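One-letter residues, chain by chain:
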Amino acid sequence: MKTNAILKKVILLFLLVSLSNVVFSQTQVVKGTILDSQAEYPLIGATITLLGSNPINGAITDVDGSFRIEEVPFGRQVFAVQYIGYKSITIPNVLVTAGKEVVLNLLLEESVEKLEEVVITADADKDLPINDLAKVSARTFSIEEVTRFSGGRNDPAKLAASYAGVSSTNDARNDIVVRGNSPTGLLWRIEGIPIASTNHFSTLGTTGGPVNALNTNMLRTSDFLTGAFPAEYGNANAAVFDIMFRNGNSDKFEFTGQMAAYTGLELMAEGPINKERNASFLTSYRYGIASLAATGTSATPFYQDLSFKANLGDYKFGRVELFGIYGKSSIDFLGEDIDETDLFANPNVDSFVESEIGLIGLAHTLRFGKNTYLKTSLGASTNGNEFTQDNLILDENDQLIKKYRATNSDTRENRYTITSTLNSKLSARWTLRAGFLNETYDMNIFSEDRDDRVTIPDLNNDSIPDYFLLNRDFDESYNLLQTHAQAEYRLTDDLSTTFGIHTQNHGFTNDFMLEPRVAISWNRTPTQRWSFAYGLHGQAIPAPILFFREEVSPGVTVPTNEHLDFMKAHHFVLGYDKNLGPDWRLKTEVYYQSLFDIPIEQNLSSYSIINEGSDFIFEERGSLVNEGTGFNYGIEATLEKFFSRDYYLLLTTSIFESQYEGSDGIPRNTAFNNNYVLNLLFGKEWKFGPSNQNAWTFDTKLTTAGGRPYSPIDLVATRANAGREVQMEEIAFSERYGEYFRWDVKFGVRLNKNKVSHQFFVDFQNISNRKNEFVRRYNGVTDEINLIEQIGFFPDVMYRIQF
């Protein structure tokens, strides 16, 4: 009934908004900068032209590389950019609306062959990353894409699940599996500073969560990398989200209001601080209203977040930027309100969760002449989670007799970061980049429990275990120091190579790692490109494993994993890109990853840390050794029609194998070996109103993937273990959940009136109401192993106003 009432209100609002048509045409300002891609210095006198304008509308950059184009019509526009001696590009699909000026920060690549004439040609590589040292397995994503794709919930991680090589079959969380790797192998960076997680309700050692605290309206075009990373990226084995915040408008004040079922109520403001210095601010606050959304639980989550960036402008001593993000969340699971199908909770317990994440950073960029700059950043981040659980003792009529505290967990990871990178363009052929990143980890981890542990006695027969078992108790600081040096050499305009070294030194385990990286890119013809990359990548052991305390005698625990070295992986990637036309592209990549030094148990078992990371907690395993191995290999294909002529299409598919060996030496599926993933996305717009300045929008996404492997539960052993699950480790990951299927359909409208723009959509998620399998787990109420299904159909809605 609640869903039906919300749906009726959504449809009514949709009709009211769509009927508020405009009666006259309007235009907007498009402005920005044009810089050299290798050294980021301004290109004076570069031209940018609005294609299809009559008379011709465009601009020429000034001494700061800045441009400003007035009277650009609403809708999706295409711009051509050219500069003598540089490769020309076109910028397609620039969405111009009434409520906000468009800012384009463009990079041009200097020609090695010293072109005397510049010919405007379509840019066949619209998805190439911002980081020009990434030659393979990398692409950009933009604000417009995050909000456009159906089923994305305004979450960059959900957007990434549409790309080849990425799997995300858990609708309740945004953990992403890249090429069969654990989600713990993902690196989040904001403005160059690593952060443990960007998610509400995140827990120590994990990278995903139910709701992302990143506000997509704050983002500028950023990079997502899935393998064989350039040398500047470290402490990651799976993927990298290199997130950048955009600057606020430095000329005028602008405001955004937004409400959506999943991301909540949002207010955002931006504007100038000092126009002469091009200084600006951008800040946003969101309050979650997920009680309106399908979250997979009957409990109501509460969350809020604040993001900001202040560009303090250019001075003689350089450019200074201040940025940050803070998120706070909580949820109470009360057993009397929970049923046995809940995705997160147990009806036999009361549990309480509080978490927070945060990052504040200060960046300084100093130029040494035209071709060299030094960027230094300071940052402080936090990731805290407090969890308590009370077990309920019920009578035969399910009436509460008493309850007792079963679990206390309080974890806090603070990081203090300093990073500095020197970038120098020696010539059109040579670019050098080197730097360091030091993170000081201030860890405070405490966890104890007596939940369903048969080893803890109840000597007074009061049904309450006599003592807690201490799982983790660590309160120390240590450093993780990373350095990198890399170079790019462009033999011709069509052939370039990068090579470099990354190092890591772990101050707690005293382990050191040297990681070589190399890549090459060859444009065989104007429409074909081959690329290859290799990298050795290392990652520190997640804190819940590294600082776990093992029970060595009744009630006595000691840390037994503190000696563990980095996990390591060799990445090999071969890629081929084919431009099928001005707006069509085919991309394929084949890869092989050899994983080694993976922690496993000393005694014969199937356990490996390679399978951790897709849930809120980690398994309790001690006395581990770096002797495990694994591998991932596969092929990926992307057929993409970039947005033009009012529609787009994206078809991605991945076929892969992911296996490992524990200490028993038996090859097995990893927990993430879905074997295949297929995504089909399509979108269409219909323009209407004076000068076609408004648009009806339609977007859809269809996803199917192989079932995730899982280990069967030994029901008899679980019952004998006081209900604490016992898996059949001898046949670990031998069974599979059912195939995953989901179809999302989104309808929307975009209106421009005077200096105000409105956007509204309703996103019918999982429109077929398929109940994909979530997990099989022991149910203490039924005393059986029950299948828990994921959420079915639910409409997400969003309304945005900008002025």
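Residues numbered from 1 in each chain as written. Predicted model: local features only at pLDDT ≥ 70, side-chain atom pairs only at ≥ 80, totals over all residues. Heavy atoms only, no water.

### Let's talk about the pairing of strand β6 (residues 89–96)
- Summarising burial for β6: six of the eight residues are buried, a large majority.
- In this sheet, β6 lies alongside strand β5 (residues 75–82) in antiparallel orientation, the contact comprising six bridges. In the strand pairing of β6, Gln-77 is matched with Val-94.
- Counting the residues in the hairpin turn of β5 and β6 gives six residues, including Gly-85, whose phi is positive at 85°. (Buried < 20%, exposed > 50% of the residue type's maximum accessible area, 1.4 Å probe, protein only. Helix = DSSP H or I, 4+ residues; strand = E, 2+ residues; numbered from the N terminus. Pairing = 2+ DSSP bridges.)

### Some thoughts on the packing of aromatic side chains
- Here the structure, examined in full by the defined rule, presents 29 aromatic pairs.
- Between Phe-141 and Phe-241, the ring centres sit 5.7 Å apart and the planes meet at 85°, which makes this aromatic pair edge-to-face. Highlighted residues: Phe-141 in strand β8 (residues 138–141) and Phe-241 in strand β16 (residues 239–243), separated in sequence by 100 residues.
- When its relative accessible area of 2% is taken as the criterion, Phe-141 is described as buried.
- Between the NZ or CZ atom of Arg-148 and the centre of the ring of Tyr-648, over which it lies, the distance is 4.6 Å.
- Arg-179 extends its terminal NZ or CZ atom over the ring of Tyr-591, reaching a point 4.5 Å from the ring centre. (Phe/Tyr/Trp six-rings, centres within 6.5 Å; stacked < 30°, edge-to-face > 60°. Lys NZ or Arg CZ within 6 Å of the ring centre and 35° of its normal.)

### Description of the pattern of salt bridges
- Following the criterion strictly, the structure yields 55 salt bridges and no others.
- Of the charged contacts in the structure, one is a salt bridge between Lys-587 and Glu-589, with a shortest N-O distance of 3.9 Å.
- Relative accessible area serves as the criterion here: at 14%, Lys-587 is assigned to the buried category.
- The class of Glu-589 is buried, set by a relative accessible area of 5%.
- As a salt-bridge pair, Arg-621 and Glu-729 come within 2.4 Å of each other at their nearest N and O atoms. (Salt bridge = Lys/Arg side-chain N within 4 Å of Asp/Glu carboxyl O.)

### A closer look at the nonpolar core
- The biggest cluster of nonpolar side chains holds 36 residues, and the ones touching the most others in it are Phe-141, Ile-176, Phe-224, Phe-241 and Ile-243.
- Only α3 (156–160), β11 (186–190), β12 (193–195), β16, β21 (318–333), β22 (349–368) and β35 (647–661) provide two or more residues apiece to this core.
- In this view, Phe-141 contacts Val-146, Pro-156, Leu-159, Tyr-163, Leu-219, Arg-220, Thr-221, Ser-222, Asp-223, Phe-224, Phe-241 and Ile-243; residues no more than four positions away in its chain are not counted.
- Ranked by size, the runner-up nonpolar core spans 34 residues in total, among them Leu-204, Met-443, Met-513 and Ala-732. (Core = buried A, V, L, I, M, F, W, Y, C linked by side-chain atoms within 4.5 Å. Contact = heavy atoms within 4.5 Å.)

### Here's the deal with a nonpolar patch on the surface
- Together, Ile-520, Trp-522, Trp-530, Phe-532, Phe-572, Leu-574, Val-590, Tyr-592, Tyr-633, Ile-635 and Ile-655 line one region of the surface with nonpolar side chains, adding up to about 980 Å² of accessible area.
- Looking at the nonpolar patch, the elements with two or more residues in it are β28 (511–525), β29 (528–539), β32 (567–579), β33 (584–601) and β34 (624–644).
- When you line up the elements, Ile-655 lands in strand β35. (Patch = residues over 30% accessible without salt bridge, like charges linked within 9 Å, V, L, I, M, F, W, Y side chains within 5 Å. Areas by Shrake-Rupley, 256 points an atom, 1.4 Å probe, with all protein chains shown as cover.)

So far we have only geometry, and geometry alone does not tell us how the molecule works.
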